[in-house]
Structures are given as structure tokens and as C-alpha cells.
There are 2 protein chains.
Amino acid sequence: MSKNAHFIDHFLSHREVTKELISKIDSEHYSFKPTPTSMEAEKLVNHILESMYSFARFANKQQPEKLFGEGDTSDLVKRADVYTEETVKLISSLSDEDFEQMIDVSQIFGKEVSAGQLLTIAVEHEIHHKGNLFVYVREMGHTELPLYIKS
Amino acid sequence: MSKNAHFIDHFLSHREVTKELISKIDSEHYSFKPTPTSMEAEKLVNHILESMYSFARFANKQQPEKLFGEGDTSDLVKRADVYTEETVKLISSLSDEDFEQMIDVSQIFGKEVSAGQLLTIAVEHEIHHKGNLFVYVREMGHTELPLYIKS
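The rules behind these values
Residues numbered from 1 in each chain as written. Chains lettered and ligands numbered in written order. Predicted model: local features only at pLDDT ≥ 70, side-chain atom pairs only at ≥ 80, totals over all residues. Heavy atoms only, no water. Helix = DSSP H or I, 4+ residues; strand = E, 2+ residues; numbered from the N terminus. Buried < 20%, exposed > 50% of the residue type's maximum accessible area, 1.4 Å probe, protein only. Polar contact = N/O pair within 3.5 Å; in protein donor to acceptor, adjacent residues only side chain to side chain. Phe/Tyr/Trp six-rings, centres within 6.5 Å; stacked < 30°, edge-to-face > 60°. Core = buried A, V, L, I, M, F, W, Y, C linked by side-chain atoms within 4.5 Å. Contact = heavy atoms within 4.5 Å. Expected span 1.5 Å × (residues − 1).

Novice: Can you break down unusual backbone geometry residue by residue, with the values?
Specialist: Residues and elements named next belong to chain A. Although it is not a glycine, K61 adopts a positive phi angle of roughly 60°. Looking at where K61 falls in the secondary structure, it is placed in the loop between α2 (41-59) and α3 (76-92). The exposed category is assigned to K61, whose relative accessible area is 54%.

Novice: Describe the environment of B:D104, listing the residues and the values that go with them.
Specialist: All names here are of chain B. One can find D104 in strand β1 (residues 102-104). With 35 residues separating them in the primary sequence, D104 and E139 have C-alpha atoms 39 Å apart. A distance of 2.5 Å separates the side chain of D104 from the side chain of S106, its partner in a polar contact.

Novice: Report on the packing of aromatic side chains, specifying residues and quantitative values.
Specialist: Residues and elements named next belong to chain A. Counted according to the given criterion, the structure contains eight aromatic pairs over all chains. Ring centres 5.9 Å apart and planes at 40° place the aromatic pair F68 and Y83 in the tilted group. Pair noted here: F68 is in the loop between α2 and α3 and Y83 is in helix α3, with a separation of 15 residues, a long-range link. Take F68: its relative accessible area is 12%, and that puts it in the buried class. Look at Y83 and you get buried, because its relative accessible area is 0%. Clustering of aromatic rings is evident, with ring pairs tying together Y53, F68 and Y83.

Novice: Go over the nonpolar core, please, and point to the residues and values.
Specialist: Counting residues in each nonpolar core, the largest one holds 88 residues, and the members touching the most others are A:L118, A:L133, A:Y136, B:L118, B:L133 and B:Y136. Secondary structure elements with two or more residues in this core: α1 (3-23), α2, α3 and α5 (115-139) of chain A together with α1 (3-23), α2 (41-59), α3 (76-92) and α6 (115-139) of chain B. Residues in contact with B:L133, not counting those within four places in the same chain, are B:L21, B:I22, B:I25, B:L44, B:V45 and B:I48.

Novice: Report on α2(B), specifying residues and quantitative values.
Specialist: Residue and element names in this part refer to chain B. For α2, built from 19 residues, the straight-helix expectation of 27 Å at 1.5 Å per residue is met to within 8% by its first-to-last C-alpha distance of 27 Å. Burial of α2 is extensive: 16 of the 19 residues sit out of reach of the surface. Directly beyond the C-terminal end of α2, a positive phi value near 60° is found at K61.

Okay, structure coming up:
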């Protein structure tokens, strides 16, 4: 199996869970936050989606960009669908050799890492914030939650 | 760098953060849970520590065991220190070839995976629950929290 196909499988095993959690967030809970200093639910979800997409762009030697403008009113389920599709497209375009290419992310991490390492960091970042989101969604009243990874 | 040294670095970049969060949990908060159906803080921490140790034992073709008995009153910081030390010892004993060895975890995952793949699953499992723990610790009143990974 090529590295990009393998990575996409792994990414989606977590992203499908992220999307399932997002589907449980009603719009009246978009501004929910568990404590005054916590990130709001909507902001947390956008951070997850935008970060992974940015990491995938960096891995393709492209600068980050957002897929929805400031005033856009698309709901989080729609955003998750679009970001997931565009992220998969970016990863699909990477060859096995591209995974070994060094990417200059020294402004963020203080060092260069390979595209493959960067994508590993990206998935771990999503798992971390998905772990936050599990607690948020339970606090919104949901008790039937998925496992943290989809097999 | 050998695979075990590389993996230990990666594991500790997350475990050090887990330990920092644990150090913020006062004993009166051990039974804290954000919702009635959530895991209690103490149980969540023990689950993180015991799971990673069990995965490391599986990777060494050993069955899981607990390092503290049922009635043991050691606090969570002490438990984290002991589990971390014993987990590192187990991983240190794996050769590069051992990382490729297939491990029969079909009772848990429905399939065999290599020791290296199992350890990747183990770290992702810790990142997920550490992500839960961040929200717990913030709800206990802490606002100065570490980054999710230590560089």
C-alpha cells in the first residue's frame, strides 16, 4: 500500500469519529464551553478542521488558507465535509518520495521535519482536540458516544 | 537512532504532559467527573497509566498486569512515576527486529498487528485520554495548562 493511501486510512479512522461528534452538536451549543477560559465548541471544531488542512498544505509545500470566509454561515457538519474532502485530496497528491521531503515549519516547531513526520504530528493534534471534544459533547447531554478510533 | 530510543522519546513527549496534568489534581478532586456518566479523574488517570503499560507488555509478548494492588493508597503522582519507569524499561528491551514482530491482540482488536503498530496505537490512546484530562483539569480550576506535547 502506498504511503498516502495508508495515511489517509489512518487519518479517516480518527476523522470519522470527529465528524460523528460534530454531528451531535446542535447550533444552540456552538458557543458552549466547559469553563470561562475554555475554547467555545464551534471554535474548537474549526481549529481541528483548519489545523489538519493547514498541515496537509504544508506537507504539499503550500501556505495555509481557510476554506470558508469570515462571514460564512455554513454549519459545522458542512464545514467538516468540505475540509475532510480537501484534506484527503492534498494527501492523495503526495508520492512516497514526497513523504520523505523536508518541510520548513521552523516558524511553528523550531525545526524542519519530513512531510510524513508533519502528518503524524497533525493526526496527534487532531486526536488531542478530539479528546477535548468528547468531554464537551458529553456535557451537552449526549451519553452514547463512539469509540475514539473507528476500525 | 534505534527504534526503541526513538519511540521512548516520542512516548515521553506526551507522558511528561500527562504527568504535569496529574500533578495538578489534588486528592479532593480524585472523584471529580464532569458529568454523571463520565469516568472519575482518578479512574481516568489509572486507565491511561495501566493501558500504556499493558500495551508495552503485549509488545514484549507478556500478559498485562497491574503494578499496584486493589487496596494500595499510593497517590497518582507516585503511580505515574512507577508506571512511566516500568513502561520505559519494557520498551527499552525491544530490538529493532522486535518492533516488526507480529503480536496477537486479536481478542482486543480483532487482528494481529506488529509491536511497532501496537505502540503507535498505545500512544494515540494516551493522547486521546490526555485530551479528556485537559478539560477535567481546567474544570478543577486550573487555567495555566501545558501544551499537549512537550518538545
